Amino acid sequence: MSANQPPDTSAHEFDSMNRLAETFLKYKMKLIEQKHKEPHWRMNNTKYYILKTIYHNQNCMVADIAKRLQLSSGATTIALNQLEEDGLIVRLRSDSDRRTVRIALTEQGAAFVKNAMEIRRQLLTDMLEPLSDEEKTLFFAMIDKITEQLASKLERQ
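Caption draft 1: A look at the packing of helix H5 (residues 107-128) against helix H6 (residues 133-156). Closest axis-to-axis distance for the H5/H6 pair is 11 Å, and the angle between their directions is 115°. Taken together, H5 and H6 sit at an angle that is classed as roughly perpendicular. Together, Leu124, Met127 and Leu128 of H5 and Lys136, Phe139 and Phe140 of H6 make up the contact between the two elements.

Quick look at the structure:
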């Protein structure tokens, strides 16, 4: 590189994004460890979003969950089986049509979702604490703009 060329900032910017993501995830895991009193279930994002979907749309049908989260029926069934084994959901068969199965949260499942949402709120509060209201507005506007751009590129591919 000649003395007149600017340094390659893309590598630095990418490293900054990675550091943010890594620090965010480490802090998130620390909050989870501090606040979760329940056993350590085999939780992942898919199962969390399934639980959250059921929480907000009580007594969902399996097909509703799969469609809303854009999951295959097989992936949905596997996740639901594990959530049921962990005591977080129950399957409720219709008395009038045994083929109709609704999914509901157990008390333990509802408590898990409430606790997880509180952890996410705390994480967001802690993350945004150093920003002014104006900076927060700008930050989320930039996130939305980047997300829309990437979504648009995905749709074209």
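Still more to cover.
Caption draft 2: Main features of the packing of aromatic side chains. Under the criterion given, the structure shown has two aromatic pairs. Considering the side-chain rings of tyrosine 48 and tyrosine 49, the 5.4 Å spacing of their centres and the 65° angle between planes classify their relative orientation as edge-to-face. Ring plane angle 75° and centroid distance 5.3 Å describe the contact between phenylalanine 139 and phenylalanine 140, whose orientation is recorded as edge-to-face.

Caption draft 3: Spatial organisation of the packing of helix H2 (residues 45-56) against helix H3 (residues 62-69). Their axes nearest at 10 Å, the elements H2 and H3 cross at an angle of 120°. One finds that H2 runs oblique with respect to H3. Judged by the sense of rotation from one axis to the other, the crossing of H2 with H3 is right-handed. Residues Tyr49, Ile50, Thr53 and Ile54 of H2 form the contact with H3, whose participating residues are Ile65, Arg68 and Leu69. Residues belonging to the contact of H2 with H3 are distributed by class as follows: five nonpolar, one polar and one charged.

What counts as what
Residues numbered from 1 in each chain as written. Predicted model: local features only at pLDDT ≥ 70, side-chain atom pairs only at ≥ 80, totals over all residues. Heavy atoms only, no water. Axes fitted to C-alpha atoms, helices over the stretch in contact; angles between N-to-C directions. Helix = DSSP H or I, 4+ residues; strand = E, 2+ residues; numbered from the N terminus. Parallel < 35°, antiparallel > 145°, perpendicular 65-115°, else oblique. Contact = heavy atoms within 4.5 Å. Phe/Tyr/Trp six-rings, centres within 6.5 Å; stacked < 30°, edge-to-face > 60°. Left-handed = near helix turned anticlockwise from the far one by under 90°. Nonpolar A, V, L, I, M, F, W, Y, C, P; charged D, E, K, R; others polar.

Take it as geometry only, folks, not as evidence of what the structure does.
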